[in-house]
Amino acid sequence: MEDLSYQYIITYGCNGEQQKSVELESSADTVTLWDLKPGTEYSFIIGTVLQTGSRSRENSIFLSTKPSAPQSLTVSSMDTTSANVGWEKPSDMEAIPHKFIVTWLSTGQPSKSITTEENHAVLSDLRPGTEYEVTVCTVIEDSELESDPACATFCTKPSPPVSLKAEEVRSTSVTLCWQRPAGMEDLSYQYIVTYGCDGEQQESVELESSADTVTLWDLKPGTEYSFIIGTVLQTGSRSREISICVSTKTLQGELIYDLGLESYLQEKLTLSTVLEITSETVNDKSVQSVKSLPWYFLRKLMMVNVTARSGMCTSNEDTEFQSLDSFLEDLGDLQGHSNRLNPLDVITALFLCSDGFLQQEMTLKMSMCQYAVPLLLPNSDGHQCMLMLWAMRDIVKKFRPHSLKDPKGFVENSIVLSKLPMVSFVRLGSSSLRKSHILNQVLSNPQQYHDTFVHDNMVCGDTKRRISNGLVEISWYLPCGNENIDVFPEPVAVSNLHGDISSFHTEFLFLCQTSAAVFVFCDDFSHGCEVLCDQRIRSQLFLVSNSQVRSLSMTNFKTQISKLQLQPKNILIKHSGMNDAEFVNKLRMTVSKLLKKNSHNMNIVDMSAIAQDLGIPVDEDCTQCQNGKKMADNITSGITDIPDFKEKQLPLQGEIWKELTKLEKEQCRLTKAGDRDIEMYKSELVEMKQNLRKQQVALDMSAAMLHFIYAISSSKEDRPYFLKWMRINLDTISRTNLSRLREKYKEKCLNSPEDKELIAKLDRQISSSSLGVEHFLREMGQLYESASSLPEHDPARQQMQKLPRLCAELLLEGFPLELVDGDASNIPLRWVSAVMQALQHLTAWKSKIRVVTVLGVQSTGKSTLLNTMFGVQFAVSSGRCTRGAFMLLIRVKEDFRKKLGCDYVMIIDTEGLKSPELAQLAESYEHDNELATLVVGLSDITVINIAMENSTEMKDILQIVVHAFLRMKEVGKKPCCQFVHQNVADVSAHDKNLRDRKLLLEQLNEMTQTAAKMEKRGSNKTFTDIMEYNPEKNNWYIPGLWHGNPPMAPVNAGYSESVSDFKKSLITSFNECRTPTHTFAEFFEWTKSLWNAVKYENFIFSFRNSLVADAYSKLCIEFNKWEWAYRKHMYSWLSQAETKVSNFGKVQTGTSLTAEDLLSELKTELAEELTQQEKIILDNISEYYKRKENHIYLVEKYREDFLNSAKILTRETQNSMRNKIEAAMEIKKGMLKLDTVRKKHTDTMERKVLELIDRCREIKTEMSSEQLLLEFEKMWDDTVKELSFAGLQRQNIGQDIYRQLRANLTRKGGHVHEILSNVTLYDCGKGPFKVQNDDGILKKAYKRVFGDEQKRKAQELADRIIWKNQEFINEKVKTKSDYHDTYTTQLLRLIDDTLESEKDLQLSDKFEVSVKIHICGFAAREFQKMHDCFIGVNDPRRCLEEFKDQYGSDFKDLFYKTDQCQKKAEEFATYCLGPAIKEYAANSVGPDIVDEMLTGEKSMDFSTRSFFQFSVLKDLLLKNDFKYFLQYTQQYEKFVKDWILEKIVESFTENHNRLCDLVVGHQTKIIRKIKETVEDETSARGGNSGNICQFIQEICTKLEKELVIPKAALDKFMALNKADPMDFSRCLISIMEEMEKILRAEFEQQKDVESVLTDLPFKPENELFRRVFGCGKQCPFCKTPCEAGGKDHSEHFASIHRPQGTGQYRSVKSRKLVTNVCSSDVASEVQFQCSETSWNSHPYKDYRKIFPDWLIQPDTSIEASDYWKYVFATFNDQFAKEFNAEPADIPESWKLIDKNEALKSLEEAYRMIIE
């Protein structure tokens, strides 16, 4: 249309609006249409129009307009990882559904988008410090139309550093650390740290991004700083700032921090913490770090080691392996903190961090090391210095001034109370003279130099002091009285101020007001001298200078002298040419002249007033200290006369207590009883004790004790101060009194030696003039003891119940407690028990302790050794040695407890052996033995302290010690021993003394043998037999204590080091101790047992201990379990063996095994089983003794007894079981012959029946049942007549028994055979056996004098033998088996064993033969009856007739061809299986009943023999019936058997279902086995019926191990049996299921438990009897049964013995029953007569010579045997009537015992709880 003229018309529009048109020229090819709606779909139509109006076809298109873009896009709230985006929505799209897409991205990262309908969005997960571009588009819903984007850019903030903290804070620097900003790994940034404090301009530091720590220097000490850190990008963008506020440490705080002591600034370090036993105690490492410095110093100081200050440098100067760069870096490290510390800084820090009691201990030990101690302690944290008066309170010094009138006298006083002149040394400005070093030279004589004060020539002494400037130290020069040695003739205090006095004006003024003279060291007088012009200076001033230094300006020097107006004598100048020695001598002379003219003496207590005037606090001024002082002064202020104070204020520990002690010992030994009745005498002693206790109770609590108890009940903060003040005050009073009395005593001895009475009085006053806190605690104990004698709910008793806990708290706080009263030589057991119980409660019950004790001659340094080793101080009153024994607890640090195996170590210090005070007393050796035995018994490790100077004393103490160790070994304890040889100084001592150690061991071995003879324990040949001892490891050589001449001698460093090595070895050896640790309760139990035993003369046989008893009881329980498992297993084996024998030959097995083969096989098997079971028991015993628990070591001596018991058990079991299987086999052989006869009869009868069936069937006419029966009867009679019925042959049992009896008595004389030849056994033993006086039964020697007694014992023995053998015979008869000759063999052996055990009665042969004839006569009749009965039961004809009805029934069934399956199954179940099942259950249920009794409610009754005795006696008391007591005492064995049977019957009668379950359980078990066997056999046949007899034989073969099926019944069942096996098996299984229910119902109807037990082959009552009866031995005096465990024990013993009158003992003269209790008699001087002594008198004390296998432990307490005393007193008349004697004279105290007290006595004796 190029040539045509046209135009375009475009029409467009959208829904709902009118269309619009636009005309365009033909030249146009594009058009823009405006004013459209955004986001709307339009239709566009275009066509061509000619000028003629002709239109072309239209072309159309649909297009949508874009949405409007968001407006005003903004980004706000930008953070490190997020930003908020906002915009305005398009106003022209309100009607159009739309949403927005927000997209953002950064360089190198993919973009992220979110969609929202809102006009804002949060962009998250952004990277910090990063520039982002964000766009927002409008999007139409349900379409892809997007608007143009709205765009913006923004940058996130950088991340700040994370976790800003102060890594190290020091006085002038702080090290900050942080974690780098998150998410900024690829960005370039830096940190700006800004810091400052109030009042100062802030400073900034810029750091690179790689830094994560910075140290900021030049800070002010003790100032709070704020530290701000932020991140800054290169763009200038800053992160959020984070800040921290930190206070710099003070100089003092910094040092304390460096030392690791900062935690002790508030909660002070305590003495108990320092004394704790830790891993460092045994690993005495050198100083490894600054933090280990204070602990190193304390550890050394507590050991009084003079080298404690010498290890203060920890810097490692070893450059051998250091690189050059590192070395040079170290040289240039000016800011570094050296590991070198001045010793004074460490000491000052420790004093600042310690409580008052640790300060005291440190001060005391420093003084012993001759170190100067703090007088004024600086506190550089802005506080004033402190006067250390309290810290020095413990220092007591002895010295001998030249001015003393008596050249041999001495002065002893507390150093703080001693009025002495003080000379002070100070420094002004600089001084070239080394003040402290010069001071040390002044105070030391040429032979004995010592570094009293720290000076710069000591190790680390030249290190700059950080906190100790201002410290004033004090020391004392104390003369020894020797002019050639003493530097000064009189005592003088010397103080030394560290630092420049211009900086410490207050301290200087204090010294100027308290000193006689002040020496000022100064070289530069140009400034600071105004301090010397203070008007308050009272002391003389001396200027000390060195003219050899340039800094000394003579002009200034002269000016200053003029100002001070000093005299020439007050000026000391070291001129050129004067050496150090000359200058020191000059200074010393000046001080000496000063002392001669001085009148200014002052003690440290008086100095406290001056200190307070100057504003210096005094350590004693704290509230707790003042409260404690006030309470102590209330008690001690009025004490002038100590003996009088003790008598009035502490009366309970006086004569009454000592008298009680004597009575207690007399109660044990009964030495003064004379001819009086022992029990009456004991009652008198008890009454005397009760009267003394009443006297104690009647005494009111004294005022002093009221104050004392109130004070220790006060706050825990005040209490330790009170106790320390008490000790200080009492020691001061004691010293004063003793000093006065000694002077008086000395004067009288010199001037009036003839006035012996006055001298003796003074001697007694000196002995009783010691008073300490221990006396008050002892009085507390006596208050508790006396109150314990009151009724339980008495108010006075209740009031005292809190005292033990108070004392326990003191022990835990490290205070020593008196264990043995040194004055009365006694232990208040109730008091100690209560304290131990309180300790147990306070330490959560499970705390374990190890015990270390020390023994040695008096005054050989035992207490000093312990105090040095453990840093403790035992309560030793001033002026005397330790008396008695004290115990003290040291805590083991928690992290070391597991390794050491204990929580506490108990230290026991004892009085010295061979004490001069006791040497004059007759019992002094005994006293030493008692004390040694006690402490050795209590200890895990005993330290034997030997001073090498006196070999005689050494031998004496070794003899005592050996006795003690021997006694411990015999009671099951084997402690470790360490010998410490003191005063051995040579370095080669250990090697040189090799010969001495060998000689010592030889002496110890010799002494062991001697002691063993004295203690009647000759098996101990060497010292190592009785204790753990290694001559090389257990001997320690320790040099002397002092280095030089006291009082100026320090403790010898060699002594401290040697003791330290010994301590490490000692603690390490705890792990090697064989004895386990004890609880506090167990410790007391040992204490009680040991003390009770040492009060008797014979310790070994008097010792009884609940721990030993408990350990033995547990061993017995275990052994009884093993023994029962053994017996049960062997019974099970025997049951199976007897089943094999019974089943032998019943079923054709196809083997050729004979009866002899089977017997041999069983014997071999028996031997193997016994060997295996014995090994199990022996292994169990061995394993048990390897255990650590249950105090196994205490029962070591019983090991052999139990091993032997196991072997005897095997021997007895083997003999018994061999006899049983041999007898069973012999009887079986007879039965086999009989079975053959019966089988022949069965076969014949079967053949005859079958023939009869055939004949009857041949008869054509039908036969009725009656006709068949007649035919059967005729056949039966004819056949029986044909058969031969030769059964078992009847024996003459009497002849067999007579033959064996004659053989048994072959070795007896001809008169015995004469008696036998006139005897007809069947006529003997029909009546009761009676012993006659004139029948030759009693030996003539005794018949004349003691015939009645001998006759009674013989009759008792005969009755017992007859009863036991009748029991045996009756048991055999009940088995209903045949007689066997082994029965007679066993019977005669039983008689012989009993006679052998009673051979001491020395009865004649006639007695033996008479008893045997009596018993054998009874046996002959009973065994004959049994034999005849057995023959009758097994008569072949009777057996055949028994099955006649069954033959008749089978005959009919076979004739009529009736199915026999059901009937035969019933017959098999009823006649074959039923009896076998019942027999199986009966055989099995016996052991189950035993198990039930041993595990049920009453199991403890049978666990051990002791428990059994307890149960029986308790039961007797509850019944309280004389007839039972009589039977128990006179027929013990029979009573016990009856009692056990009664308990079994009672138990299963109450719970009959349980017995039913046991029996039915076994029945069910075997019925299940039968059904399984039948089913298996049926399945094996696979549906083939086969032969029923073969089927039954297979079943019987498979059941023959469990069941004994009756042979006769089985043979009959097999005969005429034509049943189908398959049908038979189904019927049998059904019947067996029914039988199970029938058998249960049948047993449930049987309520008579006793009849059930009677029918059991295994008698549970016999097994329990065997278990608890034991050896059957009875006490030779009172007939109490032995309770020892096992069968073969070497000693018999019983828990309680009874009055001998219950055993028929009576007085020969009066015929009255005697009340003597043998446990009292063996401790007395009483004698006894019996057949064993040939009726001669013999001391009870030596009863073991007559009865060596009996151990009767002495127990003379009135509570002993209260049970039997009650019984005897209650039934006295009945016993007398029964025994044909006169009633006993019962002590009145016995009549007061009631039933409850008897029960309580029983409980205590057996240590059980009465239910």
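So, a few notes on the structure that sits alongside this text.

Calculation rules
Residues numbered from 1 in each chain as written. Predicted model: local features only at pLDDT ≥ 70, side-chain atom pairs only at ≥ 80, totals over all residues. Heavy atoms only, no water. Salt bridge = Lys/Arg side-chain N within 4 Å of Asp/Glu carboxyl O. Helix = DSSP H or I, 4+ residues; strand = E, 2+ residues; numbered from the N terminus. Buried < 20%, exposed > 50% of the residue type's maximum accessible area, 1.4 Å probe, protein only. Pairing = 2+ DSSP bridges. Axes fitted to C-alpha atoms, helices over the stretch in contact; angles between N-to-C directions.

What follows is about the pattern of salt bridges. If you walk through the whole model with that rule in mind, you get 67 salt bridges. Linking K1569 and E1602 is a salt bridge whose minimum nitrogen-to-oxygen distance equals 3.1 Å. Taken together, the positions of K1569 in helix α50 (residues 1552-1581) and E1602 in the loop between α51 (1588-1599) and α52 (1607-1614) put the pair 33 residues apart, joining distant regions of the chain. Relative accessible area serves as the criterion here: at 28%, K1569 is assigned to the partly exposed category. E1602 gets classed as partly exposed once you look at its relative accessible area, which sits at 24%. Look at the salt bridges and you will find they share partners, linking E168, R170, E254, D258 and R466 into a network.

What follows covers the environment of T81. Note on placement: T81 falls in the loop between β5 (71-76) and β6 (83-88). Classification of T81 by relative accessible area gives partly exposed; the value is 36%. Separated by 46 residues in sequence, T81 and R127 have C-alpha atoms that sit 5.4 Å apart.

Attention now moves to the sheet that holds strand β12 (residues 162-169). An order of β12-β13-β16 is seen for the three strands of this open sheet, with the pairing classed as antiparallel. If you trace the sheet from one side to the other, it starts and ends with β12 and β16 (213-216), each paired once. Sheet twist, expressed as the average angle between the axes of neighbouring strands with direction ignored, equals 20°. In this sheet, strand β13 (residues 174-179) lies alongside β12 in antiparallel orientation, the contact comprising five bridges. Bridge pairing links V169 to V174 in β13.

What follows covers the pairing of strand β27 (residues 540-546). Among the seven residues in β27, six count as buried, and that is most of the element. In the sheet, strand β26 (residues 517-521) pairs with β27 via five bridges, with the strands oriented parallel. When the bridges of β27 are listed, V518 appears paired with L541. With four bridges connecting them, β27 and strand β28 (residues 571-574) associate as parallel partners.

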